[in-house]
Protein chains: 2
Amino acid sequence: MGVPEPTIRRMPTYLNLLKELLEMEESNVSAPQIARRLNLDPTQVVKDLSYAGASGRPRIGYAVGDLLTSLKNFMGYNRQREAFLVGAGSLGQALIQYDGFVEHSMRIVAAFDINKEKIGTEMNGVPIFSMDKYRDLADRLHIPIGIITTPASVAQEIADMMVCWGIKAIWNFAPVALRLPEGVILQDTHIYANLAVILNKLMDVEKQTTEIVNQQ
Amino acid sequence: MGVPEPTIRRMPTYLNLLKELLEMEESNVSAPQIARRLNLDPTQVVKDLSYAGASGRPRIGYAVGDLLTSLKNFMGYNRQREAFLVGAGSLGQALIQYDGFVEHSMRIVAAFDINKEKIGTEMNGVPIFSMDKYRDLADRLHIPIGIITTPASVAQEIADMMVCWGIKAIWNFAPVALRLPEGVILQDTHIYANLAVILNKLMDVEKQTTEIVNQQ
């Protein structure tokens with residue numbers, strides 16, 4: 001509480017670096033070293049890490065193992081969270097097959113879809129159920145996180161259903177702005193929006209190049 | 001040029017909705033209808049679509065097919081862009097296997113990795129090369145987009161190499177802040193950062209719940 005969101009967003013960056021340092025059997029690391037590796041400001045690094053209760057020692061810096069433990073505790077990464085995923089289309093499948101989430105303390109335990117060919121199958125150990133099994137499973141399992149990878153047109157309906165059956169946080173990948181009751185956590189990851197910005201800027205760059213060529 | 005980034009970011013949302021409407025054989029759609037479906041403000045919708053040169057008719061709205069064409073032209077989606085991906089680990093593989101990019105005009109044509117077991121194989125039709133093939137292929141193919149899905153510690157080095165061999169835009173999924181020369185387009189998608197915010201907020205909610213229970 002009271003920790004700025006940009007600090008929270010940088011925490012996985014520190015965690016990844018510390019894991020790498022541990023693998024390379026580095027025992028100590030200083031804030032300026034961390035800052036250099038991650039292209040951050042050293043003062044910012046010290047401040048971020050202090051939120052997790054970590055403080056470095058002069059000339060020595062932080063003990064890598066201890067710092068990793070502090071950050072994991074601070075972020076709640078020592079306890080795995082479970083998630084339901086709705087929409088086992090191409091993005092949903094990519095997320096189901098992605099093993100990186102488990103390392104970052106989240107596990108997709110079940111997926112839901114309306115496609116009869118997918119229902120009853122398993123992917124990367126994750127069973128795919130029909131939507132009408134959602135209520136019963138939600139009732140029994142008390143899963144805190146709901147991941148939405150459906151088409152945009154049904155995402156709000158799915159979100160409403162998730163909220164109704166007790167979800168605490170929604171991670172939305174559908175390209176739509178969801179409306180949720182106060183108290184439900186919402187994070188959007190709009191991959192297509194990022195791609196759209198890239199494609200649009202590429203077009204601008206090419207237009208400028210063409211204009212320069214035409215002027216010559 | 002001169003189009004606000006939030007408008008660009010909403011364009012894929014409109015495109016997706018219009019494709020769905022076309023599939024349902026709807027011929028017309030009004031700005032308020034679009035706004036309602038996407039949880040947006042109708043005035044915003046009219047403004048966004050006007051950037052793409054589209055204007056609705058009173059009482060009738062927009063012709064779905066024409067609007068879709070206008071948006072595709074505006075976004076440059078009628079021309080496919082090619083991308084190199086560096087880092088065929090678990091996130092890289094998920095992106096390679098994800099078919100949604102092709103629909104949004106980007107195609108991953110080759111992937112690069114240092115893992116000898118992956119080099120020489122193919123995934124979803126995408127060949128995986130060793131890093132030392134990068135320069136030669138970049139020289140021959142003039143690929144505009146570079147996707148980085150490497151560990152954070154090598155991402156800057158990979159970005160520098162991509163820039164050196166002519167990449168115009170970098171889409172960075174590695175949890176690190178990249179430094180690029182002016183003129184190179186950069187978009188970050190920090191999936192772990194989104195997840196970290198969710199996990200952290202979940203922890204806060206639980207702390208509050210415990211405090212309330214303890215007070216009773």
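Heads up: the structure comes first, above all this text.
A.B. asks: It is not clear to me how the packing of helix α2 (residues 31-38) of chain A against helix α3 (residues 42-51) of chain A should be interpreted in this structure. Could you clarify?
C.D. replies: In a pair of packed helices, the angle between the axes and the distance between the axes together describe the arrangement. Residue and element names in this part refer to chain A. Taken N-terminus to C-terminus, the directions of α2 and α3 make an angle of 110 degrees; their axes are 8 Å apart at the nearest point. By the angle between their directions, the pair α2 and α3 is classed as roughly perpendicular. For the pair α2 and α3, the crossing hand works out as right-handed. The segment α2 lies against α3, with Ala31, Pro32, Ile34 and Ala35 engaging Pro42, Val45, Val46 and Leu49.

A.B. asks: Whenever I open this one, the interface of chain B and chain A confuses me. Can you help?
C.D. replies: A common way to express how large an interface is: the accessible area buried when the components associate. Counting residues at the interface gives 68 residues for chain B, matched by 68 residues for chain A. Carbon and sulfur atoms supply 64% of the area buried between chain B and chain A, which totals about 6400 Å² over both sides. There are six salt bridges connecting chain B and chain A. Put simply, B:Lys201 and A:Glu5 hold a salt bridge, and the shortest N to O gap is 3.6 Å. At the junction of chain B and chain A, the tally comes to 22 residue pairs in polar contact (both at pLDDT 80 or more). Among the elements that line the side of chain B that touches chain A, the one with the most residues is helix α9 (residues 191-215) of chain B, at 19 residues.

A.B. asks: Help me out: how do you make sense of the pattern of salt bridges in this one?
C.D. replies: Here the structure, examined in full by the defined rule, presents twelve salt bridges over all chains. Between A:Glu82 and A:Arg107 there is a salt bridge whose closest N-O contact spans 3.2 Å. One end of the pair, A:Glu82, is in strand β3 (residues 81-86); the other, A:Arg107, is in strand β4 (residues 106-113), with 25 residues separating them in the sequence. Owing to a relative accessible area of 36%, A:Arg107 belongs among the partly exposed residues under this scheme. One connected set of salt bridges, linked through shared partners, spans A:Arg79, A:Arg81 and B:Glu206.

A.B. asks: Mind showing me how you'd approach the pairing of strand β8 (residues 169-172) of chain A here?
C.D. replies: Successive residues of a regular strand alternate their side chains across the two faces of the sheet. Residue and element names in this part refer to chain A. Both faces of β8 are covered, namely the face carrying Ala169 and Trp171 and the face carrying Ile170 and Asn172. Between the parallel elements strand β7 (residues 145-148) and β8, the chain passes through helix α8 (residues 152-164) in a crossover that is right-handed. Sheet topology note: the β8/strand β9 (residues 185-188) ladder contains four bridges and is parallel. Paired with Trp171 across the strands is Gln187, a residue of β9.

A.B. asks: Even after reading the chapter, I still don't get the sheet that holds strand β7 (residues 145-148) of chain B, so can you show me in this structure?
C.D. replies: Working definition: the strands of a sheet are paired by backbone hydrogen bonds and lie parallel or antiparallel to each other. Residues and elements named next belong to chain B. Read across the open sheet, the seven strands follow the order β5-β6-β4-β3-β7-β8-β9; overall the sheet is mixed. Strands at the two margins of the open sheet, each flanked by one partner only, are β5 (122-123) and β9 (185-188). Along the sheet, helix α7 (residues 134-141) makes contact with β3 (81-86), β4 (106-113) and β6 (126-130), crossing β3 at roughly 175 degrees.

A.B. asks: Before we go on, may I ask you to explain the environment of A:Ile212 in this structure?
C.D. replies: With respect to the element layout, A:Ile212 can be found in helix α9 (residues 191-215). Sequence spacing of A:Ile212 and A:Leu15 is 197 residues, and the spatial spacing of their C-alpha atoms is 46 Å.

A.B. asks: Please explain the sheet that holds β3(A) as it appears in this structure.
C.D. replies: Residues and elements named next belong to chain A. What the seven strands build is an open sheet, ordered β5-β6-β4-β3-β7-β8-β9; its pairing is mixed. Looking at the sheet topology across the chains shown, the edges are occupied by β5 (122-123) and β9. With two bridges joining them, β5 and strand β6 (residues 126-130) adopt antiparallel strand pairing. Bridge pairing in β6 links Glu122 to Pro127. Sitting on the sheet, helix α7 (residues 134-141) is in contact with β3, β4 and β6, with an inclination near 175 degrees to β3.

What counts, and at which threshold
- Every residue gets a number counted from 1 within its own chain, in the order that chain's sequence is written.
- Chains and ligands are labelled by the order in which they are written, letters from A for the one and numbers from 1 for the other.
- Confidence filtering applies because this is a predicted model: local features only for residues at pLDDT of at least 70, side-chain atom pairs given and counted only at 80 or more, and all residues used for totals across whole chains, interfaces and linings.
- Hydrogens and waters are ignored; side-chain quantities use all the structure's heavy atoms.
- Fitted lines through C-alpha atoms give the axes, limited to the stretch in contact for helices. The angle between two N-to-C directions lies from 0 to 180 degrees.
- Only DSSP runs of H or I with at least four residues qualify as helices, and only runs of E with at least two residues qualify as strands; both kinds are numbered from the N terminus onward.
- Throughout this description, any angle smaller than 35 degrees is read as roughly parallel, any larger than 145 degrees as roughly antiparallel, any in the 65 to 115 degree range as roughly perpendicular, and the remainder as oblique.
- Crossing chirality is assigned from the near helix's rotation relative to the far helix, an anticlockwise turn below a right angle marking it left-handed and a clockwise turn marking it right-handed.
- By definition in these notes, contact holds between two residues if any of their heavy atoms fall within 4.5 Å.
- When two parts are put together, the accessible area they lose, computed with a 1.4 Å probe and summed over both, is reported as buried area.
- For this document, the term salt bridge refers to a Lys or Arg side-chain nitrogen within 4 Å of an Asp or Glu carboxyl oxygen.
- Here a polar contact is taken to be a pair of N or O atoms separated by no more than 3.5 Å, where protein atoms must pair a possible hydrogen donor with a possible acceptor and residues adjacent in sequence count only if both atoms sit in side chains.
- Using a 1.4 Å probe on the protein chains alone, a residue whose accessible area is under 20% of its type maximum counts as buried, one over 50% counts as exposed, and one in between counts as partly exposed.
- Every crossover in which the path from the first strand over the helix to the second runs clockwise, viewed with the strands pointing away from the viewer, is termed right-handed.
- One bridge is not enough; two strands pair if DSSP finds at least two bridges between them.

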